[in-house]
Amino acid sequence: MSGKARINHPELFENPPRVAKVFVPTGSDSDHILVSLNEEAKSGGIQTVFAGNRRNDIGVSGVLVTVIFTGNVDPNTSDIILTLQQDGAQFYGASQVFHP
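Please read these numbers as outputs of a predicted model, since none were measured by experiment.

(A) Region of interest: the packing of aromatic side chains. Under the defined criterion, the tally for this structure stands at two aromatic pairs. Consider the rings of Phe13 and Phe69, whose centres lie 6.0 Å apart with planes at 25°: the pair is stacked. Here Phe13, found in the loop between β1 (3-7) and β2 (19-25), pairs with Phe69, found in strand β5 (residues 61-69); they are 56 residues apart in sequence, far enough to count as distant. Here the two residues Phe13 and Phe69 agree in accessibility, since each one is buried. Between Phe23 and Phe98 the ring centres are 5.4 Å apart and the planes differ by 45°, which places this aromatic pair in the tilted class. Here Phe98 lies in the segment after β6 (80-86) and Phe23 lies in strand β2, a separation of 75 residues in the sequence. On the accessibility criterion, Phe23 (0% relative accessible area) is buried.

Given below as structure tokens:
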């Protein structure tokens, strides 16, 4: 089972907008995570993408995906779609801002 994450909201970008982060609840604590860019991604200049297991401020386990760009991007027009898979994922919830 795999899920999708979408980075298309200004809240998901840091300031300056060279880094975007999105949290996807999965209900799993596994460190075995695979993430890839979907071919529909509408933002150029992506330097790297990485993901890690995290637990948000209310105790829900999931995946925190970080996208680093080669330069500043316009968070109002970016639309990045990622496919992700985490061992033991019970579900793939809606993409959201990560609150540690």
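(B) Spotlight on the nonpolar core. Core analysis: the largest hydrophobic core is formed by 17 residues, its most contacted members being Ile7, Val65, Phe69, Leu82 and Leu84. Sort the elements by how many residues they give to this core and β5 lands first, with four residues.

(C) Layout of unusual backbone geometry. Residue Pro16 is bonded to the preceding Asn15 through a cis peptide linkage, with omega at 0°. Within the secondary structure, Pro16 is located in the loop between β1 and β2.

(D) Inspection of the environment of Val49 at higher detail. Relative to the elements of secondary structure, Val49 occurs in strand β4 (residues 46-55). Each C-alpha atom, one on Val49 and one on Val67, is 4.6 Å from the other, the two residues being 18 residues apart in sequence. Residue contacts for Val49: discarding those within four places in its chain leaves Val35, Leu37, Val65, Thr66, Val67 and Leu82.

(E) Spatial organisation of the pairing of β2. Within β2, six of the seven residues are buried, leaving the element largely enclosed by the surrounding structure. With seven bridges connecting them, β2 and β5 associate as antiparallel partners. Its bridge partner lying in β5, Phe23 is registered against Leu64.

(F) Spotlight on the side chain of Thr66. Structurally, the position occupied by Thr66 is in strand β5. Classification of Thr66 as buried rests on a relative accessible area of 5%. Apart from the residues lying within four places of it in its own chain, the contact partners of Thr66 are Val19, Ala20, Lys21, Thr48, Val49 and Phe50.

Each value, and the rule that gives it
- Residues numbered from 1 in each chain as written.
- Predicted model: local features only at pLDDT ≥ 70, side-chain atom pairs only at ≥ 80, totals over all residues.
- Heavy atoms only, no water.
- Phe/Tyr/Trp six-rings, centres within 6.5 Å; stacked < 30°, edge-to-face > 60°.
- Helix = DSSP H or I, 4+ residues; strand = E, 2+ residues; numbered from the N terminus.
- Buried < 20%, exposed > 50% of the residue type's maximum accessible area, 1.4 Å probe, protein only.
- Core = buried A, V, L, I, M, F, W, Y, C linked by side-chain atoms within 4.5 Å.
- Contact = heavy atoms within 4.5 Å.
- Pairing = 2+ DSSP bridges.

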